[in-house]
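The chain contents come next:
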Amino acid sequence: MKPRTLFEKLWETHVVAEEPDSPSVVYIDLHLVHEVTSPQAFSELRQRGLKVRQPQKTVATVDHSIPTTDRSLPLTDALAAKQIEQLSTNARDFGIRLYDLHNAQQGIVHIIGPELGITQPGMTIVCGDSHTSTHGAFGSLAFGIGTSEVGHVLATQCLLQRRPKTFNVRVEGKLAPGVTAKDIILALIARIGVGGGTGHVIEYSGSAIRGTSMEGRMTICNMSIEGGARAGMIAPDDTTFEYLAGREFAPKEAAWDAAVTRWRQLPGDEGARFDRTLDLDADKLEPMITYGTNPGMGLSITARVPDPDDITDASGKAALTKALAYMNLTPGKSLLGHPLDVVFIGSCTNARMSDLRLAAGLLKGKHVARNLRVLVVPGSQQIKRQAEGEGLDEVFRAAGAEWREAGCSMCIAMNGDEVGAGEYCVSTSNRNFEGRQGKGARTFLASPLTAAASAINGYVTDARTMVN
Amino acid sequence: MEKITTFSGRVVPLPNNDVDTDQIIPARFLKTTDKSGLASNLFYDWRYDAQGAPRPDFVLNQPESQGAAFLLAGHNFGCGSSREHAPWALQGFGFRAVISTEFADIFQNNSLKNGFLPLVVDPSVHRNLFELIRQNPQAELSVDLGAQTLTLPDGRAITFPIDPFSRTCLLNGVDELGYLLRHEDAIRSYEFAHA
Ligand code: SF4
């Protein structure tokens, strides 16, 4: 038999039907649902008199538009309240499990799937959210879909998909101290650009990936979409199985052993071919930061902001000029020392325990700079409790940071947590688009280490000057 | 769904590259449970100033943009968030197609499912189109979906690629959910075999 990649194995076992000239009908094992991209899909089902085909393969939570302040207070945003209410009505009417605002396991959809052991190797996973690629860290094929497709999956548990191309990103070597998984993915996107992975599913491999924890792998897969890729995936290994063992929805006892045996068959075969490959040298990576208005506009933290005059392509020059004007940055200057107004530590990219521990490690016994607003938003209620159990909340509070309830918060600024117009924010989230963190907000994407170091100084800081 | 065969109309040029869906419709306008009403917030942060007044220099606010059928965008349109609100908002404004050299995957899927056409043209045609529209802002383009052609103001007909399945669905006004529902037997046997 022809050697197959991880992607090919998953794809081939999930095709339900294929007709000439038509996309494949692909079976979906897990459908995650949140409040913002689902209401119109449920309306469609109602209009057509359809049911949810597999309510037990559908899991809902609220994360995008919810407040991260005291949960015992009533919601002040009427529109958000309506959307949240609509999701609970839909979940009730269609028999779907919902982790609502007051559920002890509520959290960002891409954080709670893995945390609860719902996300498992070998699955096809979708959600009306582009960062569904996160779940690919488990060796699943996971990708974001639009609301029409949410309706398709609700009604049929299937999607119409053209087979994407495969793209192997090999990251060999070892990260230097102060360099994290976030820097790997920011470096890749800076290299390939925001459209570089369009039409492809990326599989990350190599010693640096093997040596990365599940949380780091999720950070990497999470931002695959920022390089334009449909999905990112990593072959499951012992690190994956150790993470999953004992989690609430992970298989137990004999079923666990059988599952692990099955999962061990998933990694790509020796000699399997990809449509495209690229190598990144982990040893050479430095902490990364973005300077522009898309995640591809990133550089090593010690490098200088590029100059539009050095770009020959007219549209590329115009794009950089526009980005630098929005960011109000000077070409040729380093970002180090650039003053900040806000630091945000959170989002489905970097709001897990390891991220919070990294940030707290630097902030312990220190204070954030004066006049700087620092928000630390755990990715889920479980993470919040665990962090509090370890005393991290105390570290953050004592340092002058705000310790919030779980949600997307300032990553998308739908809930009132926003960066002011013209303000600069170092953010551990995944998008630095104009206005993403609030109208006129200026975002520097970076790792939790860079965020914490910058919070202490009040300006963009290379964390390596603080860690020994 | 309504059938699409041919349409024509004027063009709004928006030369920016990598326009992401947060620009098309900022997240704060996604707190809706509806598909309608999004057009007034299309490109909100580029279209209105801090006081909410229309910026006269933004192309969508210019009189000749009203009633246009085509948005002519820079390279790589629609990256970022999966929000289907982006094609809903563009469509709500009156656009029927967007032209670029490349589209983000999810945006392209979302658009086709709503009968909104993402038209890929090669870089030379793309440059040419901007030039033609600059010379004559009133110029019209027309699409013939059956023939897969985009006819330029100078009469040249350019073939554009489109997924043949989506094309058939759009030409016949068939929606994809209907197609999927017809696979009930195959889905049931798949579920039986994988239970
Ligand atoms: S944290 Fe940000 S990127 Fe992640 S799901 Fe929420 S809004 Fe989307």
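The rules we used
Every chain's residues receive numbers from 1 upward, in the order its sequence appears when written. Written order decides the labels, with chains lettered from A and ligands numbered from 1. Under the rules for a predicted model, residues below a pLDDT of 70 receive no local features and side-chain atom pairs below 80 are neither given nor counted, while totals for whole chains, interfaces and linings still include all residues. With hydrogens and water excluded, all non-hydrogen atoms of the structure serve as input to the side-chain values. In this text, helices come from DSSP runs of H or I with a minimum length of four residues, and strands from runs of E with a minimum of two, each type numbered from the N-terminal end. Both definitions apply: the radius of gyration is a C-alpha atom measure, and the globule rule equals 2.2 Å times residues to the power 0.38. Each residue is placed in one exposure class: buried if its accessible area under a 1.4 Å probe, protein chains only, is under 20% of its type's maximum, exposed if it is over 50%, and partly exposed if it falls in between. Throughout, a contact is declared for two residues whenever any of their heavy atoms are within 4.5 Å. Surface exposure here means Shrake-Rupley accessible area, sampled with a 1.4 Å probe, where a residue is shielded only by the protein chains that are shown. We count Lys and Arg on the positive side and Asp and Glu on the negative side, and we leave His and both chain ends out. Think of each charge as sitting on NZ of Lys, CZ of Arg, CG of Asp or CD of Glu. Here a residue is considered near a molecule or strand provided that any single heavy atom belonging to it is located within 4 Å of it. Each residue gets one of three labels, nonpolar for Ala, Val, Leu, Ile, Met, Phe, Trp, Tyr, Cys and Pro, charged for Asp, Glu, Lys and Arg, and polar for the others, Gly among them. Salt bridges are defined by distance alone: a side-chain nitrogen of Lys or Arg within 4 Å of a carboxyl oxygen of Asp or Glu. By buried area we mean how much accessible surface two parts lose on assembly, using a 1.4 Å probe and totalling the loss over both. Pairs of N or O atoms within 3.5 Å make up the polar contacts considered here, provided that, within protein, one atom can donate a hydrogen while the other can accept it, and that residues adjacent in sequence are counted only when both atoms are side-chain atoms. Relevant arc is that of directions from the helix axis to the C-beta atoms, nothing else. pLDDT measures the predictor's confidence residue by residue and takes values from 0 up to 100. One requirement defines pairing of two strands: DSSP has to find at least two bridges between them. All axes here are fitted lines through C-alpha atoms, helices being fitted over the stretch that makes contact, and every angle between N-to-C directions spans 0 to 180 degrees. Each Phe, Tyr or Trp ring, with Trp reduced to its six-membered ring, pairs with another whose centre is within 6.5 Å; inter-plane angles below 30 degrees give stacked pairs, above 60 give edge-to-face pairs, and intermediate values give tilted ones. Comment: the charge-over-ring label is applied if NZ (Lys) or CZ (Arg) is within 6 Å of the ring centre and within 35 degrees of the ring normal.

Each helix and strand counted, chain B has 8 helices and 7 strands in total. The C-alpha radius of gyration computed for chain B amounts to 18 Å, which stays within 12% of the reference 16 Å derived for 195 residues, consistent with globular compactness. In terms of principal-axis extent, the alpha carbons of chain B reach across some 60 × 45 × 25 Å. Of all 195 residues assigned to chain B, the portion counted as buried reaches 59%. Restricting the contact set of chain B to residue pairs at least 6 apart, pairs at least 24 apart contribute 64%. Summing over all exposed atoms, chain B offers an accessible surface of approximately 7800 Å²; the carbon and sulfur share of this is 50%. Placing the 16 positive and 23 negative side-chain charges of chain B at their respective mean positions leaves the two points 3 Å apart.

The immediate surroundings of the ligand are formed by His64, Ile108, His110, Asp129, His131, Ser347, Cys348, Cys408, Cys411, Ile412, Asn430 and Arg436 of chain A. When its residues are assigned to classes, the shell around the ligand shows 5 nonpolar, 5 polar and 2 charged.

Residue and element names in this part refer to chain A. Applying the stated criterion to the full structure yields 40 salt bridges over all chains. As a salt-bridge pair, Glu8 and Lys2 come within 3.7 Å of each other at their nearest N and O atoms. For Lys2, a relative accessible area of 58% puts it in the exposed group. A salt bridge links Arg210 to Asp237, with the shortest nitrogen-to-oxygen separation between them at 2.5 Å. Note that Arg210 is positioned in helix 7 (residues 207-210) and Asp237 in the loop between strand 11 (231-234) and helix 9 (238-244), a separation of 27 residues in sequence. The class for Arg210 is partly exposed, based on a relative accessible area of 34%. Put simply, Lys2, Arg4, Glu8, Glu12 and Arg163 are held in one network by salt bridges that share partners.

Contacts between chain B and chain A engage 56 residues on the former and 65 residues on the latter. Contact with chain A buries surface across chain B, with Lys31, Thr33 and Tyr190 of chain B losing the most and accounting together for 16% of the total. Summed over the shared surface of chain B and chain A, the result is 9 salt bridges. Between Glu44 of chain A and Lys35 of chain B there is a salt bridge whose closest N-O contact spans 3.9 Å. On the surface where chain B and chain A come into contact, there are 27 residue pairs in polar contact (both at pLDDT 80 or more). Going through the elements one at a time, helix 1 (21-24), helix 2 (44-47), helix 3 (85-93), helix 4 (105-113), helix 6 (164-172), helix 7 (176-181) and helix 8 (184-193) of chain B are the ones with two or more residues in the side of chain B that touches chain A. Classifying every residue of the side of chain B that touches chain A gives 19 nonpolar, 17 polar and 20 charged.

Glancing now at helix 10 (residues 253-263) of chain A. Residue and element names in this part refer to chain A. Listed as buried for helix 10 are Trp256, Ala259, Val260 and Trp263. Here the buried residues of helix 10 occupy an arc of 100° about the axis, which is enough to place them on one side. Structural note: helix 10 exposes Ala254, Thr261 and Arg262 on the side pointing more than 90 degrees away from its buried face. Buried residues belonging to helix 10 abut helix 9.

As a further point, take the confidence of the model for chain B. Averaged over all residues, the pLDDT of chain B equals 95, while 100% of them reach at least 70. For this predicted complex, the interface confidence score (ipTM) comes to 0.94, while the overall pTM stands at 0.96.

Residue and element names in this part refer to chain A. Strands sit in the order 17-16-15-18-19 across an open sheet of 5 strands; the sheet is parallel. Single-partner strands in this sheet number two, and they are strand 17 (402-403) and strand 19 (442-445). Where strand 15 (residues 342-345) and strand 16 (residues 373-376) come together, 4 bridges link them in parallel fashion. For Phe344, the partnering residue across the bridge sits in strand 16 and is Leu375. Packed onto the sheet, helix 15 (residues 448-457) meets strand 15, strand 16 and strand 18 (424-427) and runs at close to 150° relative to strand 15.

Here we come to the sheet that holds strand 7 (residues 141-144) of chain A. In any sheet, the strands associate via hydrogen bonds between backbone groups, in a parallel or an antiparallel arrangement. Residues and elements named next belong to chain A. Ordered by their spatial adjacency, 5 strands build an open sheet running 5-4-3-6-7, and the pairing between neighbours is parallel. Each edge of the open sheet is held by one strand with a lone partner, namely strand 5 (97-99) and strand 7. Taking the axes of each pair of neighbouring strands and ignoring which way they run, one obtains an average angle of 20° across the sheet. Sheet analysis places strand 3 (residues 30-34) next to strand 4 (residues 58-61), joined by 4 bridges and oriented parallel.

Further remarks concern the packing of aromatic side chains. Inspection of every chain in the model, using the stated rule, returns 19 aromatic pairs over all chains. Summarising the aromatic geometry, the rings of Phe103 of chain B and Phe107 of chain B are spaced 6.1 Å apart at their centres and angled 20° between planes, so their arrangement reads as stacked. Both residues of the pair, Phe103 of chain B and Phe107 of chain B, count as buried. Feature note: the residues Phe241, Trp256 and Trp263 of chain A constitute an aromatic cluster, connected by ring pairs. Above the face of the Tyr243 of chain A ring, Arg247 of chain A is positioned so that its terminal group lies 3.8 Å from the ring centre. Over the ring of Phe167 of chain A we find Arg276 of chain A, and its NZ or CZ is 4.0 Å from the ring centre.

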